[in-house]
Amino acid sequence: MSTHQITMFVNGEPEILTVQGHRTLLQVLREQLAITGTKDGCSAGECGACTVLMDGEPVNSCMVLAVECDGHEITTVEGLADDGQLSALQAAFVEHNAVQCGFCTPGMLISAHALLQRNPSPSEQEIREALVGNLCRCTGYLRIIKAIQTAAKKGEA
Ligand code: FES
Ligand code: FES
């Protein structure tokens, strides 16, 4: 089985890792780095629970091999908070009760954060389109959309 030494930057910290060629970014984040905010909902690119940013773009980390991340910047949900303080987006999710079981929430937050970074004033349709790859079985999406609109009004992601 092939192994590779890689360096990736996770939430701003360099991580030098030895990874097996078949291991996904999701597996390495959760099992090697113990960064467990990113969830494994389906392992098949269907649910979006594993969404992280790779060089600022949302990706399903279950569909990215860890070796592909050599030299790249990865941001997980843990990277959205600032020194333990929730971001405006995270606080808006709490304010609007946009979390029930919470399993989809890290991926939702990452996709919404990426949207607000590229489009600070999205329409409801644009929010819905940005979340098209993120499935929630609990909230019905309306509270999530309201939370993102609230964060957008505050001008913060
Ligand atoms: S766990 Fe990656 S898309 Fe579902
Ligand atoms: S809050 Fe349960 S899946 Fe979204």
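Please refer to the structure placed before this passage.
Residues numbered from 1 in each chain as written. Chains lettered and ligands numbered in written order. Predicted model: local features only at pLDDT ≥ 70, side-chain atom pairs only at ≥ 80, totals over all residues. Heavy atoms only, no water.

Novice: When you look at helix α1 (residues 25–32) in this model, what are you seeing that I'm missing?
Specialist: Since there are 3.6 residues in each turn of an α-helix, residues three or four apart along the chain are aligned in direction. Within α1, the full set of buried residues consists of L25, L26, V28 and L29. On its buried face, α1 sits against β1 (3–10), β2 (13–20), β3 (51–54) and β5 (73–75). (Buried < 20%, exposed > 50% of the residue type's maximum accessible area, 1.4 Å probe, protein only. Helix = DSSP H or I, 4+ residues; strand = E, 2+ residues; numbered from the N terminus. Contact = heavy atoms within 4.5 Å.)

Novice: Would you mind showing me how to read unusual backbone geometry here?
Specialist: Trans is the common state for peptide bonds, and a negative phi is the common state for residues other than glycine. Despite not being glycine, A34 has its phi angle at roughly 55°, a positive value. As for its placement among the helices and strands, A34 is situated in the loop between α1 and β3. A relative accessible area of 58% places A34 in the exposed class. One non-glycine residue, D55, lies in the positive phi region at around 50°. By secondary structure assignment, the location of D55 is in the loop between β3 and β4 (57–60). For D55, a relative accessible area of 42% translates into the label partly exposed.

Novice: For this particular structure, what's the right way to read the sheet that holds β1?
Specialist: Sheet strands associate in pairs through backbone hydrogen bonding, adopting either a parallel or an antiparallel arrangement. A sheet is described by the order of its strands in space; here five strands give the open sequence β2-β1-β5-β3-β4, paired in mixed fashion. Unpaired on one side and paired on the other, β2 and β4 mark the two borders of the sheet. Across the sheet, the mean angle separating the axes of adjacent strands is 40° when strand polarity is ignored. Taken strand by strand, α1 contacts β1, β2, β3 and β5, and its axis lies near 110° from that of β2. The strands touched by helix α3 (residues 105–118) are β3, β4 and β5; relative to β3, the strand with the most contacts, the crossing angle is about 40°. (Pairing = 2+ DSSP bridges. Axes fitted to C-alpha atoms, helices over the stretch in contact; angles between N-to-C directions.)

Novice: I keep staring at the environment of V28 and nothing clicks. Help me out?
Specialist: Its location among the elements puts V28 in helix α1. Remark: the alpha-carbon pair of V28 and L65, spanning 37 residues in sequence, is separated by 9.2 Å. Those residues within four positions of V28 in sequence are excluded, and the remaining contacts are M8, L17, V19, R23, L33 and A66.

Novice: Would you mind showing me how to read the pattern of salt bridges here?
Specialist: Should their charged atoms come close, side chains of opposite charge can pair. For the coordinates displayed, the defined rule picks out three salt bridges. Here E31 makes a salt bridge to R23, at a shortest N to O gap of 2.8 Å. A residue is classified by how much of its surface remains accessible, and E31, at 54% relative accessible area, is exposed. (Salt bridge = Lys/Arg side-chain N within 4 Å of Asp/Glu carboxyl O.)

Novice: What is the right way to read α3 from this model?
Specialist: With 14 residues, α3 extends 20 Å between its outermost C-alpha atoms, agreeing within 8% with the 20 Å of an ideal straight helix rising 1.5 Å per residue. In terms of burial, α3 is a largely internal element, twelve of the 14 residues being buried. Where the residues of α3 are buried, they touch β3, β4, β5, α2 (88–95), α4 (124–130) and α5 (142–153). (Expected span 1.5 Å × (residues − 1).)

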